[in-house]
Amino acid sequence: MPATPLAETPMPVARPSRAEAEAAVRTLLAWAGDDPSREGLLDTPARVAKAYEEFFAGYRIDPVSVLERTFAETEGYDEIVLLKDIRLESYCEHHMVPIIGVAHVAYLPEHRVVGISKLARVVEAYAKRLQIQEKLTAQIANTIEAVLRPRGVAVIIESEHQCMTTRGVHQHGASMVTSRMLGAFRDDPNTRRELLALLGKG
Ligand SMILES: Nc1nc2c(ncn2[C@@H]2O[C@H](COP(=O)(O)OP(=O)(O)OP(=O)(O)O)[C@@H](O)[C@H]2O)c(=O)[nH]1
Ligand SMILES: [Zn+2]
């Protein structure tokens, strides 16, 4: 198996306990100006800790192992495989608020294909972490390239950053688009055009 870019996957040096995480939420509630001991907020720290386990589940998913099972009986299929409109839920590493959008992931198989849901699982593994969109886009593409060794990989992400819509510049409707094209998608204009046509962006 080729070297993979997982060196970029950080884990906390010493993970705080759940009780410490809940105490931190109580501090934030009080800092926001509310009373953490009032009835409606009593269970909130526990709920927030549980929600964080969901939001940041990606730290506990290994994107390489997700892609390791492949299938060779494809009758030599070597054209574009595209999974489009994958729901994306990520979290801005500057403000810890959601980045919501869609990802489109394509590759050009070389002999073997991967179960199509696995492309969405790789997106999920990197999205459910603290991110900036450029890095998220690159991590997904680089991992697919490193593990599947296809002739090309393309990842396009379109999203809305809530740090821009609900605070700061309050730019409702502004979307951020990033793309990472590797192999034939980068080098061959016809392949890139075909992809954009399949995405309705030709
Ligand atoms: N390139 C990039 N920028 C991002 C992403 N998510 C958030 N940002 C931006 O990161 C920047 C952080 O800038 P700072 O000046 O440190 O933060 P800030 O004072 O909260 O900035 P404002 O959002 O403009 O109020 C902001 O411009 C955000 O819009 C991302 O995925 N990619
Ligand atoms: Zn932000």
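Note that the coordinates shown come from a computational prediction; the quantities given were computed from them, not determined experimentally. (Residues numbered from 1 in each chain as written. Chains lettered and ligands numbered in written order. Predicted model: local features only at pLDDT ≥ 70, side-chain atom pairs only at ≥ 80, totals over all residues. Heavy atoms only, no water.)

> How should I be thinking about the coordination of the zinc ion (ligand 2) in this particular structure?
Around a metal, the idealised angle for a tetrahedral arrangement of four donor atoms is 109.5 degrees; for an octahedral arrangement of six donor atoms it is 90 or 180 degrees. Distances from the zinc ion (ligand 2) to its protein donors, namely C92 (SG), H95 (ND1) and C163 (SG), fall within the range 2.0 to 2.3 Å. Written as a sequence motif, the donor arrangement for the zinc ion (ligand 2) is C-x2-H-x67-C. Owing to a relative accessible area of 4%, C92 belongs among the buried residues under this scheme. (Donors = N, O, S within 2.8 Å, 3.2 Å for Na, K, Ca; no water. Buried < 20%, exposed > 50% of the residue type's maximum accessible area, 1.4 Å probe, protein only.)

> How should unusual backbone geometry be read in this particular structure?
Glycine aside, negative phi is the norm for most residues, and most peptide bonds take the trans geometry. Although it is not a glycine, E75 adopts a positive phi angle of roughly 55°. Turning to its location among the elements, E75 is positioned in the loop between β1 (70-71) and β2 (81-92). Under the relative-accessibility criterion, E75 is labelled exposed at 85%. (Helix = DSSP H or I, 4+ residues; strand = E, 2+ residues; numbered from the N terminus.)

> Looking at this structure, I do not really get the packing of helix α4 (residues 116-127) against helix α5 (residues 133-148). What am I missing?
To characterise two packed helices, one gives the angle between the axes of the helices and the distance between these axes. Remark: α4 packs on α5, axes separated minimally by 10 Å, with the N-to-C direction vectors making an angle of 135°. Between α4 and α5, the interaxial angle falls into the category oblique. Two packed elements cross with a definite hand, and for α4 against α5 that hand is right-handed. Along its contact with α4, which presents L119, V122, V123, Y126 and A127, the element α5 presents L136, Q139, I140, T143 and I144. For the contact of α4 with α5, the class distribution of residues is 8 nonpolar, 2 polar and no charged. (Axes fitted to C-alpha atoms, helices over the stretch in contact; angles between N-to-C directions. Parallel < 35°, antiparallel > 145°, perpendicular 65-115°, else oblique. Left-handed = near helix turned anticlockwise from the far one by under 90°. Contact = heavy atoms within 4.5 Å. Nonpolar A, V, L, I, M, F, W, Y, C, P; charged D, E, K, R; others polar.)

> Sorry, what's going on with the site of ligand 1 here?
Neighbouring ligand 1 are C92, H94, H95, I132, Q133, E134, H161, C163, M164, R167, G168 and M176. One nitrogen or oxygen atom from the side chain of H94 is found 2.9 Å from an oxygen atom belonging to ligand 1. Contact between ligand 1 and E134: a nitrogen atom at 2.7 Å from a side-chain N or O atom of the residue. Within the complex, 53% of the 630 Å² of free accessible area of ligand 1 lies under protein. At the level of elements, α5 and α6 (162-165) are the ones that each hand at least two residues to the shell around ligand 1. Each residue belonging to the shell around ligand 1 can be placed in one class, and the counts come to 5 nonpolar, 5 polar and 2 charged. (Near = heavy atom within 4 Å. Polar contact = N/O pair within 3.5 Å; in protein donor to acceptor, adjacent residues only side chain to side chain. Areas by Shrake-Rupley, 256 points an atom, 1.4 Å probe, with all protein chains shown as cover.)

> Can you help me understand the nonpolar core in this one?
In summary, soluble globular proteins display a tendency toward joint burial of nonpolar side chains. Core analysis: the biggest nonpolar cluster contains 29 residues, and L88, V105, Y107, I140 and I144 have the highest contact counts within it. Listed by contribution, the elements that provide at least two residues to this core are α3 (63-66), β2, β3 (98-108), β4 (113-114), α4, α5 and β6 (152-161). Top contributing element to this core by residue count: α5, with 6 residues. Ignoring sequence-local partners within four residues, the contact set of I144 consists of L67, V105, Y107, L119, R149, P150 and V153. If you look at the next biggest cluster of nonpolar residues, it comprises 10 residues, including A106, L108, I156 and M181. (Core = buried A, V, L, I, M, F, W, Y, C linked by side-chain atoms within 4.5 Å.)

> Sorry if this is basic, but what is going on with α4 here?
Two residues of an α-helix separated by three or four positions point the same way, owing to the 3.6 residues in each turn. For α4, spanning 12 residues, the distance from its first C-alpha to its last is 17 Å, which sits close to the expected 16 Å at 1.5 Å a residue. All of the buried residues in α4 are L119, V122, V123, A125, Y126 and A127. Lining the buried residues of α4 we find α3, β2, β3, β4, β5 (130-131) and α5. (Expected span 1.5 Å × (residues − 1).)

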